[in-house]
Amino acid sequence: MSLRLPCEFSVKEILPAIRSLMAEKLIKDYNVSEYRTASLLGVTPAAVSNYMKSKRGSSMKKILQSDPEFMSLVTNLSESLSTSGKGNLSAIYCILCSNSKRVLTRNGYTLSSCAYENAEKS
C-alpha cells in the first residue's frame with residue numbers, strides 16, 4: 001500500500017511552477033536581480049536561472065498562468081516581496097499552493113487537501 005501525502009504532489013509539481021511564476025514577476029516586472037530573487041524566494045540563484053529558462057516548474061505553469069485570478073494573487077504577493085524584501089515564505093507558498101489546487105481542480109486534476117486547506121475551511 002502506498003501513502004501519498006497531499007504535499008508530495010505540491011512540492012514536486014506545484015511549488016516549482018509557483019516559484020517560476022514569482023521569479024518571472026520579480027525579475028521582469030519589478031527589476032529584481034536573479035540573486036535577490038533567489039534570496040526572496042528561498043532558493044539558489046541557479047534555481048532561479050532554471051526557472052527563467054523553463055527548466056523547472058514548467059509542467060503546471062501554463063495551466064496556472066491561464067487563470068487571471070491566480071495570476072493576480074501571484075502579482076500581488078510578488079510585488080509585496082519586491083517592496084518589503086521580506087515575508088513569511090511558508091505562508092505565501094501555502095496560500096499560492098492552495099489557490100493553485102483550485103485552479104488545477106477546475107482543469108481536471110484530482111488533488112487531496114492539506115492541513116492548511118482543511119483549517120482554512122473551518
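Look up a bit, the structure's there.
Structure report, in brief. Not measured: the values here are computed from a predicted model.

### Concerning the overall build of the chain
Turning to step 1, where the next piece is worked out: Along its length, the chain carries 7 helices and 0 strands.
Turning to step 2, where the next piece is worked out: Ordered by position from N to C terminus, the α and β elements of the chain give α-α-α-α-α-α-α.
Turning to step 3, where the next piece is worked out: Computed over its C-alpha atoms, the radius of gyration of the chain comes to 14 Å, within 12% of the 14 Å expected for a compact globule of 122 residues.
Turning to step 4, where the next piece is worked out: The principal-axis extents of the C-alpha atoms in the chain amount to approximately 45 × 30 × 25 Å.
Turning to step 5, where the next piece is worked out: Burial analysis of the chain (122 residues in total) assigns 41% to the buried set.

### A closer look at the nonpolar core
The nonpolar side chains of a soluble globular protein tend to be buried with one another.
Turning to step 1, where the next piece is worked out: I18, M22, L41, L64, F70 and L96 are the most contacted members of the largest nonpolar core, which totals 32 residues.
Turning to step 2, where the next piece is worked out: Looking at this core, the elements with two or more residues in it are α1 (6-29), α2 (34-41), α3 (45-52), α4 (58-65), α5 (68-84) and α6 (89-106).
Turning to step 3, where the next piece is worked out: For this core, the element with the highest residue contribution is α1, accounting for 10 residues.
Turning to step 4, where the next piece is worked out: Residues in contact with L64, not counting those within four places in the same chain, are A17, L21, F70, M71, S100, V103 and L104.

### Focus on α2
Turning to step 1, where the next piece is worked out: Listed as buried for α2 are T37, A38, L40 and L41. Looking straight down α2, one finds its buried side chains confined to an arc of 165°; they lie on one side.
Turning to step 2, where the next piece is worked out: Remark: G42 follows α2 within two positions and exhibits a positive phi of approximately 75°.

### Overview of the layout of surface pockets
Turning to step 1, where the next piece is worked out: Of the voids in this model, the largest pocket is the one considered here, and its volume is about 170 Å³.
Turning to step 2, where the next piece is worked out: As for the largest pocket, its lining consists of C7, S10, V11, L15, S90, Y93, C94, C97, S98, C114, Y116 and E117.
Turning to step 3, where the next piece is worked out: Contributions of two or more residues to the lining of the largest pocket are made by α1, α6 and α7 (115-121).
Turning to step 4, where the next piece is worked out: In terms of residue count, the dominant contributor to the lining of the largest pocket is α6 (5 residues).
Turning to step 5, where the next piece is worked out: The residue inventory of the lining of the largest pocket, partitioned by class, reads 8 nonpolar, 3 polar and 1 charged.

The rules behind each value
Residues numbered from 1 in each chain as written. Predicted model: local features only at pLDDT ≥ 70, side-chain atom pairs only at ≥ 80, totals over all residues. Heavy atoms only, no water. Helix = DSSP H or I, 4+ residues; strand = E, 2+ residues; numbered from the N terminus. Rg over C-alpha atoms; globule rule 2.2 N^0.38 Å. Buried < 20%, exposed > 50% of the residue type's maximum accessible area, 1.4 Å probe, protein only. Core = buried A, V, L, I, M, F, W, Y, C linked by side-chain atoms within 4.5 Å. Contact = heavy atoms within 4.5 Å. Arc of directions from axis to C-beta. 1 Å grid on protein atoms, 1.4 Å probe; cavity = no way out; pocket = protein on both sides within 12 Å on 5 of 7 lines; lining within 4 Å. Points joined across faces, edges and corners; volume = space filled by probe spheres on them. Nonpolar A, V, L, I, M, F, W, Y, C, P; charged D, E, K, R; others polar.

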